[in-house]
Amino acid sequence: MILSENIKTKKVIKAGMWYTISNFLIRALSLISTPIFARLLSVNEFGEYSNFISWMTILTILTTMDLHSTINRARFDFKDDVDGYISSITITSLIIPSIFYLITVIFMDFFRNFLSMKDFYIHLMYLSIIFSSAINIFQAKQRIDYEYKKSVIVAFLTSILTVFVSILLVLLMNNKLNGRIIGQTFPAIFVNICLAFFLIKKGKKFNYDYAKYAVTICLPYIPHLLAMNILSQYDRIQINKICGPTFTALYSMAYSCALIINIFLNSLNNAWSPWLGEKLNEKKYLDIKTASRKYLLIFLAIGILIFFITPEILLIIGGKKYSTAIYVMPPIIAGSIFQFIYTLYVNIEMFEKKVWRVALATGVAAIINIFLNQIFIEKYGYIAAAFTTMFCYMILCLFHYLNVKRLKLTMVYDTKFIILVMLATLLLMVVTYLIYDNYIVRYILILIYIIFAILFVKKNKTNILLILKK
């Protein structure tokens with residue numbers, strides 16, 4: 001039994017490592033390709049493409065309903081027919097956006113003006129949205145099986161294909177915007193059609209009760225996803241209105257640099273949440289508490305390193321002209337750590353199907369964020385937006401803790417330990433402000449960090465090698 005648990009734990013860690021590597025590679029492709037397209041497209045074309053992507057993101061949230069997020073729980077509720085469940089939600093994910101597409105076509109005159117988009121782009125956008133859930137459902141199934149290889153290969157090859165085809169079409173076509181949008185959508189549509197066919201063929205059914213189960217869970221989750229977009233994006237809109245586009249660019253660049261820590265957040269959570277679901281189902285709360293301490297420490301260690309090397313990250317990605325954005329980074333990094341913490345509680349709420357509580361908490365935090373931004377950006381400038389967002393993530397930690405307390409599951413995590421991690425994060429944020437201008441002190445701290453990391457790896461060399469083995 002102990003051997004079985006050790007094998008499962010290694011699978012979780014190995015899966016998390018590979019998800020992280022693949023996410024870095026995919027983000028690297030995006031980072032490399034962005035300057036290329038910025039030079040190949042005119043300013044107007046780049047703006048129209050941004051509008052296309054923005055609307056596609058919003059409409060994807062509204063129409064696909066994030067149905068794949070229910071698989072982690074459904075595998076226990078329908079354990080004898082997981083493939084049938086997956087087939088059912090795959091078909092559902094095709095039907096719902098198709099209905100929205102039909103409504104859009106009927107009232108095309110209205111939506112053409114509302115979206116500020118040509119008919120061709122609207123059709124292409126919806127075609128992309130209709131099949132977009134397939135890859136998420138496929139990857140969710142791979143995660144609950146702790147299988148990372150196929151998921152990583154599909155994601156990485158899709159990204160490579162998208163970038164390559166986009167660049168090729170932009171270079172070859174007279175209408176470069178058409179080339180960019182077709183190149184962005186067609187490879188993904190092709191891959192998603194293949195995956196949808198595979199998932200439906202494997203499950204071989206459509207069960208209305210399964211579809212109802214998924215929609216009932218996810219419907220309240222839509223406001224949460226929209227509110228999360230507001231929480232992460234609306235501050236830039238407010239900065240642009242109050243401070244101007246120059247400060248918006250500085251703030252956006254800082255956020256782009258901080259995305260590195262969010263890659264770790266998403267990747268680790270992809271491996272953690274299926275394991276957590278199993279332990280919650282088995283009511284093995286002590287196992288979760290013990291593992292979560294290590295899990296938190298790993299993420300905090302990543303956060304510490306990024307705190308210390310922020311100036312170098314900013315210099316590499318943005319260059320010297322963005323150097324003043326360094327003072328936005330500490331609260332953004334701290335906010336990401338708080339986001340990681342509240343995600344621990346969100347995973348429990350999602351498992352217990354209390355999605356409306358997640359949506360309510362995020363909605364309230366988004367409203368508070370907008371209100372605080374309006375006050376403090378005017379008074380203290382664009383840097384204040386980073387602190388208000390961080391504060392709202394702290395509020396979300398409290399909200400989600402209280403939600404889990406209502407479920408009588410706070411024993412799952414070590415609350416005192418989590419509070420210590422939050423206090424340590426705030427202390428680190430203050431320390432980094434004090435040492436950013438003192439390169440000697442900062443490099444000494446980085447050296448100490450590296451020495452401790454080497455000693456840790458050396459001490460745990462055997463276990464690490466076992467995890468890395470194929």
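It should be emphasised that the depicted structure is a prediction, and the values quoted were computed from it without experimental measurement.

Criteria and cut-off values
Residues numbered from 1 in each chain as written. Predicted model: local features only at pLDDT ≥ 70, side-chain atom pairs only at ≥ 80, totals over all residues. Heavy atoms only, no water. Phe/Tyr/Trp six-rings, centres within 6.5 Å; stacked < 30°, edge-to-face > 60°. Helix = DSSP H or I, 4+ residues; strand = E, 2+ residues; numbered from the N terminus. Buried < 20%, exposed > 50% of the residue type's maximum accessible area, 1.4 Å probe, protein only. Contact = heavy atoms within 4.5 Å. Expected span 1.5 Å × (residues − 1). Bend = angle between axes of the 7 residues up to and from the residue. Polar contact = N/O pair within 3.5 Å; in protein donor to acceptor, adjacent residues only side chain to side chain. Salt bridge = Lys/Arg side-chain N within 4 Å of Asp/Glu carboxyl O.

Some remarks on the packing of aromatic side chains
Argument step 1. Under the counting rule described, the total for this entry stands at 19 aromatic pairs.
Argument step 2. Look at Phe138 and Phe198: their rings are 6.4 Å apart centre to centre, the planes differ by 75 degrees, and that puts the pair in the edge-to-face class. Taken together, the residues span a long stretch of sequence, with Phe138 in helix 6 (residues 119-144) and Phe198 in helix 8 (residues 176-203) at a distance of 60 residues.
Argument step 3. On the accessibility criterion, Phe138 (6% relative accessible area) is buried.
Argument step 4. Taken together, the ring pairs in this structure connect Phe78, Tyr85, Tyr210 and Tyr213 into an aromatic cluster.

Digging into the environment of Ile383
Argument step 1. Take Ile383: it is sitting in helix 15 (residues 383-406).
Argument step 2. Put simply, Ile383 and Pro331 are 52 residues apart on the chain and 9.1 Å apart in space, counted from C-alpha to C-alpha.
Argument step 3. Leaving out residues up to four positions away in the same chain, Ile383 has contacts with Tyr327 and Val328.

Here we look at helix 8
Argument step 1. Here helix 8 is 28 residues long and its end C-alpha atoms lie 41 Å apart, about the 40 Å a rise of 1.5 Å per residue gives.
Argument step 2. By the largest-angle criterion, Ile182 marks the main kink of helix 8, which is about 25 degrees.
Argument step 3. Of the residues flanking the start of helix 8, the one acting as N-cap is Asn175, its side-chain oxygen 3.2 Å from the backbone nitrogen of Leu177.
Argument step 4. Looking one or two residues beyond helix 8, the residue adopting positive phi is Lys204, at roughly 55 degrees.

A short note on the pattern of salt bridges
Argument step 1. Taken as a whole and judged by the stated rule, the model has 8 salt bridges.
Argument step 2. In this structure, the salt-bridge partner of Arg293 is Asp414, at a minimum N-O distance of 3.0 Å. Placement of the pair is Arg293 in helix 12 (residues 285-317) and Asp414 in the loop between helix 15 and helix 16 (415-435), with a sequence separation of 121 residues.
Argument step 3. Taking the shortest distance from any N to any O, the salt bridge between Glu312 and Arg442 comes out at 2.9 Å. Here Glu312, found in helix 12, pairs with Arg442, found in helix 17 (residues 439-459); they are 130 residues apart in sequence, far enough to count as distant.
Argument step 4. Taken together, the salt bridges that share partners define one network made up of Asp109, Arg112 and Asp119.

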